[in-house]
Amino acid sequence: MVVPHHPVGARLARHRLANDLADVVPPALLADLIAVLAELVGNSVRHARPLPGGVVRVAWRLRPSGEGPRIQLRVTDGGASTGPRIRIAGQDAADGRGLHIVAGLATRWGVERDGMGQRVWAEFDPSPRLVAAN
């Protein structure tokens with residue numbers, strides 16, 4: 001899916017993800033996926049350049065497993081002068097906590113760069129707590 005490199009892009013991506021996965025994953029997992037996707041798209045809009053056409057590419061992939069779906073979220077943009085990194089945010093800081101949220105909710109996350117920009121991804125392995133919640 002392609003969304004505008006604008007704050008509205010995060011809202012569009014959240015709604016599409018919720019609609020696509022509402023009947024596929026447990027509600028608790030869906031809430032985590034939505035939160036992480038919103039952070040990744042929001043970070044892209046705030047800190048990175050858009051792809052050609054002023055957009056950000058958003059994708060998700062489900063891979064079935066015996067324990068439940070393994071899910072990867074991906075947000076691709078034009079990159080920035082510095083890559084995404086977890087920062088230490090002071091108690092009164094207005095921002096700087098987004099990747100802490102991503103790292104806390106996802107099983108793992110990372111960044112891939114190529115000549116066109118960067119892709120930030122987050123993966124979710126099945127959790128007995130989330131599978132049982134369904």
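First, a word on scope: everything that follows refers to the structure included in this document. (Residues numbered from 1 in each chain as written. Predicted model: local features only at pLDDT ≥ 70, side-chain atom pairs only at ≥ 80, totals over all residues. Heavy atoms only, no water.)

1. Digging into the packing of helix α2 (residues 27-47) against helix α3 (residues 98-105)
- Put simply, α2 and α3 touch, their axes get as near as 9 Å, and they point 145° apart. Note that α2 runs across α3; the crossing there is left-handed. For the pair α2 and α3, the contacting residues are D32, A35, V36, E39, L40 and N43 in the first and G98, L99, I101, V102 and L105 in the second.
- Considered class by class, the residues forming the contact of α2 with α3 number seven nonpolar, two polar and two charged. (Axes fitted to C-alpha atoms, helices over the stretch in contact; angles between N-to-C directions. Helix = DSSP H or I, 4+ residues; strand = E, 2+ residues; numbered from the N terminus. Left-handed = near helix turned anticlockwise from the far one by under 90°. Contact = heavy atoms within 4.5 Å. Nonpolar A, V, L, I, M, F, W, Y, C, P; charged D, E, K, R; others polar.)

2. So, the pattern of salt bridges
- Per the counting criterion, the structure on display carries six salt bridges.
- Salt-bridge contacts for E67 lead to R70; the nearest nitrogen and oxygen are separated by 3.4 Å.
- You can call E67 partly exposed: its relative accessible area is 48%.
- A relative accessible area of 26% means that R70 is categorised as partly exposed.
- As a salt-bridge pair, E112 and R119 come within 3.0 Å of each other at their nearest N and O atoms.
- On the accessibility criterion, E112 (39% relative accessible area) is partly exposed.
- A relative accessible area of 26% means that R119 is categorised as partly exposed. (Salt bridge = Lys/Arg side-chain N within 4 Å of Asp/Glu carboxyl O. Buried < 20%, exposed > 50% of the residue type's maximum accessible area, 1.4 Å probe, protein only.)

3. Re the sheet that holds strand β1 (residues 2-4)
- With antiparallel pairing, the five strands of this open sheet are ordered in space as β1-β2-β3-β5-β4. Whereas interior strands pair on both sides, the edge strands pair on one side only; in this sheet they are β1 and β4 (108-114). In this sheet, adjacent strand axes meet at a mean angle of 20° when their direction is disregarded.
- With seven bridges joining them, strand β2 (residues 55-63) and strand β3 (residues 70-77) adopt antiparallel strand pairing. Paired with A59 across the two strands is R74, which belongs to β3.
- Where α2 meets the sheet, it contacts β2, β3 and β5 (117-124), and its direction lies at approximately 15° from that of β3. (Pairing = 2+ DSSP bridges.)

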